[in-house]
Amino acid sequence: MKKTIFTLSLLLTGLWAVNGQQFEAEKIDASEFEELKVKVGADFALQYQGITHEADVELIDIKKNFNLPTANLHITADLAPGIQLYINNYMSSRHHNEAWVEGGYLTMDNLPFLPAADNIMQYLTIKAGVMMPNYGDAHYFRSNNAAVTSNPFVGNWIMDAFTTNPGMEFLFRHSGFLANVGINNGRMNYGRGNDLGEDLVFNWKLGYDTDINEDLRLRASLSGYHVGEGHSGSTLWDGDRAGARYYNVMQLMTAEGDNFRSGRWSPGANQTEMSSYMANLFVKFHGLEVFGIYETMNGVSRGNDQEFTQTALQGIYRFGDFYAGVRLNNVDNNDGSTVSRTNIGGGWNMVEYVQVKLDYVTQKYEGPAHGAIDGGKFNGLVLEAAISF
């Protein structure tokens, strides 16, 4: 009953939610190109964490202190009229001590070497490289290591669809309608036995995004992500190598090393056959923004059937340089276990490139949702400060 009420409230409230929110990047204006231009930008984020956790087994003692600061370095290069290169580097992250390349891709909104394509390129965007497949709209509200200003809270979604895979996408946009289709290899590196397999991963999105009037904007989308039988194992929900927020929560005293995905929950990274669908609604009315997720996944991992459902509802109200909001997030597994989270928080955009936000989080596990831990919960406050330019 509780699940039904939550799903209904998601669908009904979702009919009310984004003007300032950025989804797919706007098309590049080819007429503005003059010469090769290179822009260097960076992101920095630091948190003070005050979280406690409990379970029926002995957990580590979490200290209240500052986390290791994280940093990104990204480069954008205008190469030709309507053609742009983007590359992102993790200079400091939770999971890796060394600096490394997250990914990079080429965006083509114009084909100056093929004038015959000018008409279709008014509506078409081509992307190729190592990038997050455009599956769902949830990844537009997440933190990417030190790049956190698109996320109104500190933590990402419980079942966090994010990966950087080699591939290509074609996005068509016209009169508010959008259609995206893409292929990728399903992994960030080689699969089991250094064998990627022969099956490619197919992703798609259909959507509509429009301003109803000057006060109301509506966006709705439906996405799919499909892994063919015989793939070496996809990494859609375990593809964020930078690590999660809510450091060390629910970690056993006997555990060795750091679970850099702590606080998240996913089907793992070995789907050899899988189909996942995500429906999103996003509406903005004056200062109120509401975003909803309904995601289902059916797959096979190491010979075992998997079935997951994720629902989420996020409401934000912006007033001047401040905002406040609530996020509800729930994941159900076919083994009867559940993970549910509530975030309450807000933020202040001190200047254009500096933001601080405060997040109160409470997360509960029911059933065997966390490996050896049967049940349990964590809660507390996290303060995050960020600089992005």
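For clarity, every value in this text was computed on a predicted model and none was experimentally measured.

(A) Structural view of the overall build of the chain. Summing up its helical and strand segments, the chain has two helices and 17 strands in all. Against the globule reference of 21 Å for 389 residues, the chain gives a C-alpha radius of gyration of 21 Å, in line with a compact fold. Projected onto the principal axes, the alpha-carbon positions of the chain cover approximately 65 × 50 × 45 Å. With 389 residues in all, the chain has 50% of them scored as buried.

(B) Just the nonpolar core, in detail. Formed by 38 residues in total, the largest nonpolar core has its most connected members in Tyr246 and Phe378. Counting only elements with at least two residues in this core, the list comes to strand 10 (216-227), strand 11 (271-285), strand 12 (288-301), strand 13 (304-319), strand 16 (354-366) and strand 17 (376-388). If near-sequence neighbours (up to four positions away) are discounted, phenylalanine 378 is found in contact with Ile51, Thr52, His53, Tyr246, Val249, Met250, Gly263, Val361, Thr362, Gln363 and Tyr365. Ala80, Ile83, Met108 and Ala117 belong to the second-largest nonpolar core, a separate cluster that totals eight residues.

(C) Just the side chain of serine 388, in detail. Position of serine 388 among the secondary structure elements: in strand 17. One polar contact links serine 388 to aspartate 43, side chain to side chain, over a distance of 2.7 Å. When sequence neighbours within four positions are dropped, the list of residues in contact with serine 388 reads Ala42, Asp43, Ala146, Thr149 and Tyr353.

(D) Focus on the environment of valine 130. On the secondary structure map, valine 130 appears in strand 6 (residues 124-131). For the pair valine 130 and proline 166, spaced 36 residues apart in sequence, the C-alpha separation works out to 4.2 Å. Leave out the neighbours within four places in its chain, and valine 130 touches Glu102, Gly103, Gly104, Tyr105, Thr164, Asn165 and Pro166.

(E) Fine view of the pairing of strand 17. Burial along strand 17 is one-sided: the residues Gly376, Phe378, Gly380, Val382, Glu384, Ala386 and Ser388 are buried and none of Lys377, Asn379, Leu381, Leu383, Ala385 and Ile387 is. Here strand 1 (residues 37-54) pairs with strand 17 via twelve bridges, running antiparallel. Within the sheet, the bridge partner assigned to alanine 45 lies in strand 17 and is alanine 386. Pairing geometry for strand 16 and strand 17, over twelve bridges, is antiparallel. Pairing of valine 361 across the sheet is with glycine 380, part of strand 17.

Definitions and limits used
- Residues numbered from 1 in each chain as written.
- Predicted model: local features only at pLDDT ≥ 70, side-chain atom pairs only at ≥ 80, totals over all residues.
- Heavy atoms only, no water.
- Helix = DSSP H or I, 4+ residues; strand = E, 2+ residues; numbered from the N terminus.
- Rg over C-alpha atoms; globule rule 2.2 N^0.38 Å.
- Buried < 20%, exposed > 50% of the residue type's maximum accessible area, 1.4 Å probe, protein only.
- Core = buried A, V, L, I, M, F, W, Y, C linked by side-chain atoms within 4.5 Å.
- Contact = heavy atoms within 4.5 Å.
- Polar contact = N/O pair within 3.5 Å; in protein donor to acceptor, adjacent residues only side chain to side chain.
- Pairing = 2+ DSSP bridges.

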